[in-house]
Amino acid sequence: MKQLRIRTLAGLFVVAGILSWGLSKLLVAQNSLGTLPSVPLAAPIVLAAIAAVLAATALSLRARLRAQRDRVPGAKGVEPMMAARAVVFGQASALVSSLVSGVYGGVGVFLLAYLDVPARRDQAIYAAFAVVAGIAVVAAALFLERVCRLPEDDDTEGAAA
């Protein structure tokens, strides 16, 4: 399993942001009403919940792996497939979160020109919170990936470099 690269996640974020910003400008310019798809209030809440689940999983696995490594009596070990599933969930969450955060970031940047309209200001605030929650998902996913890294992974990366 390959490790996530921050460059990939940042690239997804930037490309999605640029595309959504351009699409937002196009939608408002083409529509006489100036309607734009709204940023749901649930977006930052859902992203924050995913970040919390990833962080809790990482902390739980880290404690269990530490107890297993220190050979604590009665310590419950970590099954390799469970750790692999957790890493896959984290990587998928980080990729989707980067994409979604980029979309909300692009819409939020577009909405900065309309902060004098209360409804658009609220949408810009929701978009900003969604971007922050998306960054939290990425951080939690990277932490989970680091927790589940095998000790041999560090040796092979040093030998290949």
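As the structure is a computational prediction, the values presented were derived from the model and not from experiment.

A. Representation of the overall build of the protein chain. The helix and strand tally for the protein chain stands at 5 helices and 0 strands. When the helices and strands of the protein chain are listed from N to C terminus, the series reads α-α-α-α-α. For the protein chain, the spread of C-alpha atoms along the three principal axes comes to 70 × 35 × 20 Å. Counting the 161 residues in the protein chain, one finds 32% classified as buried. Intrachain contacts of the protein chain at a sequence separation of at least 6 include 82% that bridge at least 24 residues. If the 15 positive side-chain charges of the protein chain are averaged to one point and the 10 negative ones to another, these points end up 4 Å apart.

B. Here's a closer look at the environment of T35. With respect to the element layout, T35 can be found in the loop between α1 (6–30) and α2 (42–69). With near-sequence residues (within four places) excluded, T35 lies in contact with L27, V28 and R120.

C. Expanded view of the packing of α1 against helix α3 (residues 80–111). Interaxial distance between α1 and α3 falls to 7 Å at its minimum, and their mutual angle equals 35 degrees. Viewed along their axes, α1 and α3 form a crossing whose handedness is right-handed. Within the contact between the two elements, α1 uses L9, L12, F13, A16, G17, S20, W21, S24, K25 and V28 and α3 uses A94, L95, S98, L99, S101, G102, V103, G106, V107, V109 and F110. When its residues are assigned to classes, the contact of α1 with α3 shows 13 nonpolar, 7 polar and 1 charged.

D. Main features of the nonpolar core. In terms of nonpolar packing, the biggest core is built from 32 residues, with L54, L61, A94, Y104, L111, L144 and C148 touching the most fellow members. Secondary structure elements with two or more residues in this core: α1, α2, α3 and α4 (118–147). Residue contributions to this core peak at 11 residues, all from α4.

E. How the structure looks around the packing of aromatic side chains. In this structure the tally under the stated criterion is 1 aromatic pair. Taken together, a centroid distance of 5.3 Å and an interplanar angle of 50 degrees make the contact between F110 and Y114 tilted. Judged by its relative accessible area of 6%, F110 falls in the buried class. The partly exposed category is assigned to Y114, whose relative accessible area is 29%. Over the ring of Y114 we find R120; its NZ or CZ atom is 5.1 Å from the centre of that ring.

F. Layout of the packing of α3 against α4. Two elements in contact, α3 and α4, have axes whose closest approach is 8 Å; the angle formed by their N-to-C orientations is 155 degrees. Between α3 and α4, the interaxial angle falls into the category roughly antiparallel. Like other packed secondary-structure pairs, α3 and α4 cross with a definite hand, here left-handed.

G. Geometry of the side chain of Q123. Here Q123 lies in helix α4. Setting aside its immediate chain neighbours within four residues, Q123 contacts S38, V39 and L111.

H. Broad picture of the environment of G105. Along the chain, G105 turns up in helix α3. The class for G105 is buried, based on a relative accessible area of 15%. In sequence terms G105 and A128 are 23 residues apart; their C-alpha atoms lie 6.8 Å from each other.

Conventions used here
- Starting afresh in each chain, residues are numbered from 1 along the sequence in its written order.
- Totals for whole chains, interfaces and linings use all residues, but because this is a predicted model, local features are given only for residues with pLDDT of at least 70 and pairs of side-chain atoms are given and counted only at 80 or more.
- In computing side-chain properties, one takes all heavy atoms of the structure into account and sets aside hydrogens as well as water.
- Numbering of helices and strands runs from the N terminus, with a helix taken as a DSSP run of H or I at least four residues long and a strand as a DSSP run of E at least two residues long.
- Categorising residues by exposure relies on relative accessible area from a 1.4 Å probe, with only protein chains included: less than 20% of the type maximum marks a residue as buried, more than 50% marks it as exposed, and the intermediate range marks it as partly exposed.
- Contacts were defined at the residue level, with two residues in contact if any of their heavy atoms lie within 4.5 Å.
- Note that His is not counted, nor are the chain ends; the positive residues are Lys and Arg, and the negative ones are Asp and Glu.
- By convention, the point assigned to a charge is CZ for Arg, NZ for Lys, CD for Glu and CG for Asp.
- Convention adopted: a line fitted to C-alpha atoms gives each axis, helices being fitted over their contacting stretch, and angles between N-to-C directions are expressed from 0 to 180 degrees.
- Should the near helix be turned anticlockwise from the far one by less than a right angle, the crossing is left-handed, and should it be turned clockwise, the crossing is right-handed.
- Side-chain classes follow a simple rule in which Ala, Val, Leu, Ile, Met, Phe, Trp, Tyr, Cys and Pro form the nonpolar group, Asp, Glu, Lys and Arg form the charged group, and the remainder, Gly included, forms the polar group.
- Among buried residues, the Ala, Val, Leu, Ile, Met, Phe, Trp, Tyr and Cys ones that are joined through side-chain atoms within 4.5 Å form a nonpolar core.
- Between 30 and 60 degrees the pair is tilted, below 30 it is stacked and above 60 it is edge-to-face, where a pair is any two Phe, Tyr or Trp rings, Trp via its six-membered ring, whose centres lie within 6.5 Å.
- Cation placement over rings: the criterion is NZ of Lys or CZ of Arg within 6 Å of the ring centroid and within 35° of the ring normal.
- Each angle receives one of four descriptions, namely roughly parallel if under 35 degrees, roughly antiparallel if over 145, roughly perpendicular if within 65 to 115, and oblique otherwise.

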